[in-house]
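Fold and geometry: a report
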Amino acid sequence: MHLDIETDDIPAEVARLEALGATVVERHERWVVMQAPTGQRFCVVRVQRPDYPKNANRWN
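Residues numbered from 1 in each chain as written. Predicted model: local features only at pLDDT ≥ 70, side-chain atom pairs only at ≥ 80, totals over all residues. Heavy atoms only, no water.

**Here we look at the overall build of the protein chain**
Looking only at helices and strands, the protein chain has 1 helix and 4 strands in total. Going from N to C terminus, the protein chain has its helices and strands arranged as β-α-β-β-β. Across the 60 residues that make up the protein chain, the buried fraction comes to 25%. Partitioning the intrachain contacts of the protein chain with sequence separation of at least 6 by distance along the chain shows that 41% fall at a separation of at least 24. Accessible surface for the protein chain amounts to roughly 4,500 Å². Of this, 51% is attributable to carbon and sulfur atoms. (Helix = DSSP H or I, 4+ residues; strand = E, 2+ residues; numbered from the N terminus. Buried < 20%, exposed > 50% of the residue type's maximum accessible area, 1.4 Å probe, protein only. Contact = heavy atoms within 4.5 Å. Areas by Shrake-Rupley, 256 points an atom, 1.4 Å probe, with all protein chains shown as cover.)

Laid out in structure tokens, this is it:
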């Protein structure tokens, strides 16, 4: 399984996840590949869908 974390502010979300122990594996123009302390890799990506929940955390 692959997890994508959608966000409206990739740098802020990456910083938050790094503070929780994740590490950056690769930086791309539109996404960042990260690794959890347990070894699972995941991506932090821009919002992908028009029905992005209005009550989701937003970093505006």
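**Some remarks on the sheet that holds strand β4 (residues 41-46)**
A sheet is described by the order of its strands in space; here 4 strands give the open sequence β1-β4-β3-β2, paired in mixed fashion. In the strand order of this sheet, the two ends are held by β1 (3-7) and β2 (23-27), each with one partner. Strand-to-strand, the axes of this sheet are offset by a mean angle of 30 degrees, without reference to chain direction. Here strand β3 (residues 31-35) runs beside β4; their pairing, made up of 5 bridges, is antiparallel. Each residue of the ladder has a partner; that of Val33, found in β4, is Cys43. Running at roughly 150 degrees to β4, helix α1 (residues 10-19) makes contact with β1, β2, β3 and β4 of the sheet. (Pairing = 2+ DSSP bridges. Axes fitted to C-alpha atoms, helices over the stretch in contact; angles between N-to-C directions.)

**Re the nonpolar core**
Listed in full, the 9 residues of the largest apolar core are Ile10, Val14, Leu17, Ala22, Val32, Met34, Ala36, Phe42 and Val44. Listing elements by their share of this core, those giving two or more residues are α1, β3 and β4. Sorting elements by how many residues they give to this core places α1 first, with 3 residues. Among all residues touching Met34, those that are not within four sequence positions of it are Val14, Leu17, Glu18, Ala22, Thr23, Val24, Val25, Gln40, Arg41, Phe42 and Val44. (Core = buried A, V, L, I, M, F, W, Y, C linked by side-chain atoms within 4.5 Å.)

**So, the pairing of β4**
Moving residue by residue along a regular strand, the side chains alternate between the two faces of the sheet. The pairing of β1 with β4 spans 5 bridges and is classified as parallel. The partner of Glu6 across the bridge, within β4, is Val45. Here β3 folds back onto β4 in antiparallel fashion, the turn holding 5 residues, of which Gly39 has a positive phi close to 105 degrees.

**As for the confidence of the model for the protein chain**
This prediction gives the protein chain a mean pLDDT of 88; 88% of its residues lie at or above 70. Here β1 stands out as the least confident element of the protein chain, with mean pLDDT 92; β2 is the most confident, with 98. (pLDDT = per-residue confidence, 0-100.)

**Section: the environment of Val14**
Mapped onto the fold, Val14 is located in helix α1. Beyond its immediate sequence surroundings of up to four residues, Val14 is in contact with Val24, Arg27, Val32, Met34 and Val44.

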